[in-house]
Amino acid sequence: MSISENFVHAQSAVPCNACDDDAPGEYYCVECKQTLCPQCEKFHRKFTKGHNIVLRTQIGDIDTTTLTCTDHHNAATFHCEKCNVPVCDRCVIGKHQGHKMVDLTSILDKETKKLQSDVIKMKREVLPKMKKKRDDISTEKENYEKKIQRITDEMEDEKRTLDRIHATRMKNLASIRESKLSTFDFYLKDTDKAIQNVEETMSEYEDAISKKSLPFIINFIRRKKDLPDLGSTVDLPDAPVYVSGDLHYVVKHLGKLQISEPLSITYPLRLNTAKVVSIIKCPVQEYQSMCITKEGEVWLGGSDSRELVMVNIHGEELRRRKIQNRPYALAAMDCGDIIISPRPDDSRSITRLMKDGREQLVFDTSPSWSRGVSVTKDQKILICTEDGRLMRTTCNGTKVKKIYKGSGCDSVEHAVEISNGNIIISDWKNASVVMINMKGKVLSTLTHTAEGQKLGRLHGILVDNMDNIFCAGESKSSVYCIDQNQQIRKLIVLSDVFWKPRCLDVDCDKNLWITQFDGNIHVVKYLSQ
């Protein structure tokens, strides 16, 4: 007997599980896990419609692992479409009573078709796109490496040229040293001889004076004309002068090293779907000001307190620092120092709070008072004044430059610089966003959203390190973003729990912090990844 015949014989020897006749179980019910004789197979089909009954020779192609319900751990007989779970007979007459039931086999077929469709889609669309993307990245990487190598070669050539120039100049300098120093040696020797003659002459004069003899002195005067000329001069070489190279000249002729990144990763904004990570009750009240340092420290200030409070994302107070005046606005420098714009009834002086606790004067805005302050990429300070001026100053206030004048009081509420040097201004008075260049020329003015809605009055404005621009809309209880086409879109609308947003800042984890007038702070995840 062959191996295949033995296998068939072994299978036919398995008795039916549904009767006591020891009839061979030629069929198999996948759902009930039972072997069936031909007679029982007919009854089984009649009373269990939908069960998957196959010849026993086919069970090698069927997964016979028992599927159980989660409530009773019995073998599942149906699938509840409403709850999307497998159920047993007890479940059907229990908590799933009245729900639509489908046969497990049909679910298997349905889901298998879905998976097959997904596989086909991944093979035809997703995988080719991902492979192309990988090829593009690899190509960009190769190009980037070639550019770096080309720049390296050019810089090495420049270094060799500079080395040759340096060697030639050093050789010339050695030649000048040899020739000019020999001139000095000649004059030193000649001068030493003249000194000796002068000393001998002095000795003769002193000897004549000491003798006090008229005949001796008259004889001395007769030969005095033979003495050397004591008024002779020497012609020394001019002192050598080295004129060092002008760095700006070198940069102009050699060129600046400018490497732009070939690939940039950006995360799309969650328009109208920003996720609230945390809601914090501000520990200071009334006109909450805020700044976040490069190290991720979140500092809050209120116009009713001469203290700054550091908090974490859970609202837990971590530290306090005393300051001279009640703050109206805050801004953080890269070094961790904090720029403070005070309440006008306290002072008109903008100060800088050092990390060691010292506070120094930056600039006095009298007779007006400062509203918003921000720090630029090169650590200059932008100051917005109540009378509508925008000024830029150094961090110690030594150089102050007026760069823009608005339409009057409250027309320059807050301003920030973007990476190309342009400046974005929130105009509270005219309910608009104004973009100017570095010289103060107005480039654009935005008063409506992309959907045509008026912005209303605006407070804080912010740009993150990816040049996403945000502004706080007081009137609409919304936070807006400005896209690359200078279209204003609503990023967050929380009017039911959000009242008059004021200050904006972004932490190291790309969370947007928003203070509001009622004392709450919303921490929002605004990127899709």
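Residues numbered from 1 in each chain as written. Predicted model: local features only at pLDDT ≥ 70, side-chain atom pairs only at ≥ 80, totals over all residues. Heavy atoms only, no water.

Labelled according to an unreviewed UniProt entry, the protein chain appears under the name B box-type domain-containing protein, originating from Pinctada imbricata.

Our focus in this paragraph is the sheet that holds strand β1 (residues 27-29). Taken together, the three strands give an open sheet; going across it, the order is β2-β1-β3, and neighbouring strands pair in antiparallel fashion. The sheet is open, and its two edges are formed by β2 (34-36) and β3 (53-55), each paired on a single side. Neighbour-to-neighbour, the strand axes of the sheet open up by a mean angle of 30 degrees, direction not taken into account. Bridge count between β1 and β3: three bridges; the pairing is antiparallel. Each residue of the ladder has a partner; that of Cys29, found in β3, is Ile53. Each of β1, β2 and β3 touches helix α2 (residues 38-47); the most contacted strand, β2, lies at about 115 degrees to it. (Pairing = 2+ DSSP bridges. Helix = DSSP H or I, 4+ residues; strand = E, 2+ residues; numbered from the N terminus. Axes fitted to C-alpha atoms, helices over the stretch in contact; angles between N-to-C directions. Contact = heavy atoms within 4.5 Å.)

The subject of this paragraph is the packing of aromatic side chains. Following the criterion strictly, the structure yields one aromatic pair and no others. The interplanar angle of 85 degrees and the centroid separation of 5.4 Å between the aromatic rings of Tyr328 and Trp369 together place this pair among those described as edge-to-face. On the criterion of sequence distance, the pair formed by Tyr328 in strand β12 (residues 327-332) and Trp369 in the loop between β15 (359-364) and β16 (370-375) is long-range, its members being 41 residues apart. Taking the relative accessible area as the measure of exposure, Tyr328 reaches 11% and is therefore buried. On the basis of relative accessibility, which here comes to 16%, the residue Trp369 falls in the buried class. Positioned over the ring face of Trp299 is Arg321, at 5.3 Å from the centre of the ring. (Phe/Tyr/Trp six-rings, centres within 6.5 Å; stacked < 30°, edge-to-face > 60°. Buried < 20%, exposed > 50% of the residue type's maximum accessible area, 1.4 Å probe, protein only. Lys NZ or Arg CZ within 6 Å of the ring centre and 35° of its normal.)

This paragraph deals with helix α4 (residues 104-211). At Met122, α4 is deflected by roughly 45 degrees, the largest bend along its length. For α4, every residue scored as buried is listed here: Leu104, Thr105, Ile107, Ile151, Tyr187, Thr201 and Ala208. Looking one or two residues beyond α4, the residue adopting positive phi is Lys212, at roughly 55 degrees. (Bend = angle between axes of the 7 residues up to and from the residue.)

What follows deals with a nonpolar patch on the surface. Residues Val119, Met122, Val126 and Met130 make up a contiguous nonpolar surface patch of roughly 330 Å² in combined accessible area. With a relative accessible area of 47%, Met130 lands in the partly exposed category. (Patch = residues over 30% accessible without salt bridge, like charges linked within 9 Å, V, L, I, M, F, W, Y side chains within 5 Å. Areas by Shrake-Rupley, 256 points an atom, 1.4 Å probe, with all protein chains shown as cover. Salt bridge = Lys/Arg side-chain N within 4 Å of Asp/Glu carboxyl O.)

Strand order in the open sheet formed by four strands is β7-β30-β29-β28, with antiparallel pairing between adjacent strands. Looking along the sheet, the strands with just one partner apiece sit at the ends: β7 (275-281) and β28 (501-506). The sheet shows a mean angle of 20 degrees between the axes of neighbouring strands, taken without regard to direction. Of the pairings in the sheet, the one linking strand β29 (residues 511-516) to strand β30 (residues 520-525) comprises five bridges and is antiparallel in character. Within β30, the position partnered with Asn511 by the bridge is Lys525.

Looking now at the nonpolar core. With 15 residues, the main nonpolar core has Ile424, Val433, Ile461, Ile469 and Ile488 as its most contacted residues. Elements that contribute at least two residues to this core include exactly β22 (432-436), β24 (458-463), β25 (469-473) and β26 (478-482). When residues of this core are assigned to their parent elements, the largest contribution, three residues, is made by β24. Here Val433 is in contact with Ile424, Ile425, Ser444, Thr445, Leu446, Leu455, Leu458, Ile461, Cys471, Ile482 and Ile488, once residues within four sequence places are set aside. (Core = buried A, V, L, I, M, F, W, Y, C linked by side-chain atoms within 4.5 Å.)

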